[in-house]
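Per-entry structural report
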Amino acid sequence: MKFNYQLANEDFLAYQLFASTKSKLQTRNRKRAWLIIPILYVIFAILLFLTNKYTMGIGFLIFAGVWLGCYPLYSKWRYKRYFQKYITENYKSRINKNVEFFIGETSITIKDIASEGKINGAELEELIETQHHFFLKLTTGVTLIIPKHAINSIDELKKNITQMGAEYIDELQWEWK
């Protein structure tokens, strides 16, 4: 099976966002940032209530509630913006460049403008399917991005790669949150 494609900014962004949601460290950091500020404001509100400054205390409680409600939207926007800048800076030489992808019986050959590589089937760890992409994770930690629009037969791709030993992971319901 052979196909050609080009990776756009959106393809790299989709992978970065996906990897971010699967990272325990980043998930923990986002939750921590979501909770620490409201906890501090509630503590300030309690201290203000103890000193009979009820109006300011209520203001701090309202701000804590607003933070809890709005921070997930802000965090989603901020992380996406950060990754867009990161991609523009670090992947500019790979964006919109042709990639040749060939799946053999026991290996995969990838060729782009900078290099050509052969990956043995034993090095394939996971084939992750999202709505618009496949992410082929290798045992070395490297992940290959394959946009679905470039593939003629999705079922054949899944079959060939899983036969080489990669575990198929269905993430069709995944979305950036």
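What counts, and at which threshold
- Residues numbered from 1 in each chain as written.
- Predicted model: local features only at pLDDT ≥ 70, side-chain atom pairs only at ≥ 80, totals over all residues.
- Heavy atoms only, no water.
- Helix = DSSP H or I, 4+ residues; strand = E, 2+ residues; numbered from the N terminus.
- Buried < 20%, exposed > 50% of the residue type's maximum accessible area, 1.4 Å probe, protein only.
- Polar contact = N/O pair within 3.5 Å; in protein donor to acceptor, adjacent residues only side chain to side chain.
- Phe/Tyr/Trp six-rings, centres within 6.5 Å; stacked < 30°, edge-to-face > 60°.
- Pairing = 2+ DSSP bridges.

**Examining unusual backbone geometry**
Of note in the backbone geometry, Asn 52 takes a positive phi value of approximately 60 degrees without being a glycine. Inspection of the secondary structure assignment puts Asn 52 in the loop between helix H2 (24–50) and helix H3 (54–90). Residue classification places Asn 52 among the exposed positions, given a relative accessible area of 55%. Positioned with a positive phi, Asn 96 is a non-glycine residue whose angle comes to about 60 degrees. Along the chain, Asn 96 falls in the loop between H3 and strand S2 (98–103).

**Thoughts on the environment of Ser 23**
Its location among the elements puts Ser 23 in the loop between helix H1 (9–22) and H2. Taking the relative accessible area as the measure of exposure, Ser 23 reaches 23% and is therefore partly exposed. A distance of 3.2 Å separates a polar side-chain atom of Ser 23 from the backbone nitrogen of Gln 26.

**So, the packing of aromatic side chains**
Under the criterion given, the structure shown has 19 aromatic pairs. Seen from their ring centres, Tyr 41 and Phe 44 are 6.5 Å apart, and the 70 degrees between their planes marks the pair as edge-to-face. Of this pair, Tyr 41 and Phe 44 both sit in helix H2, 3 residues apart, roughly one helical turn. Judged by its relative accessible area of 24%, Tyr 41 is partly exposed. Judged by centre distance (6.4 Å) and plane angle (55 degrees), the ring pair of Tyr 79 and Phe 83 falls under tilted. Of the two residues, Tyr 79 and Phe 83 both sit in helix H3, 4 residues apart, roughly one turn of that helix.

**Observations regarding the pairing of strand S5 (residues 124–129)**
Counting buried residues along S5, 5 of its 6 residues qualify, which places the element largely inside the surrounding structure. Taken together, the 5 bridges between S5 and strand S6 (residues 133–138) define a ladder with antiparallel strand orientation. Bridge pairing links Ile 128 to Phe 135 in S6. The loop that links S5 with its antiparallel partner S6 comprises 3 residues. Sheet analysis places S5 next to strand S8 (residues 167–170), joined by 4 bridges and oriented parallel. Bridging from a neighbouring strand, Glu 129 pairs with Asp 170 of S8.

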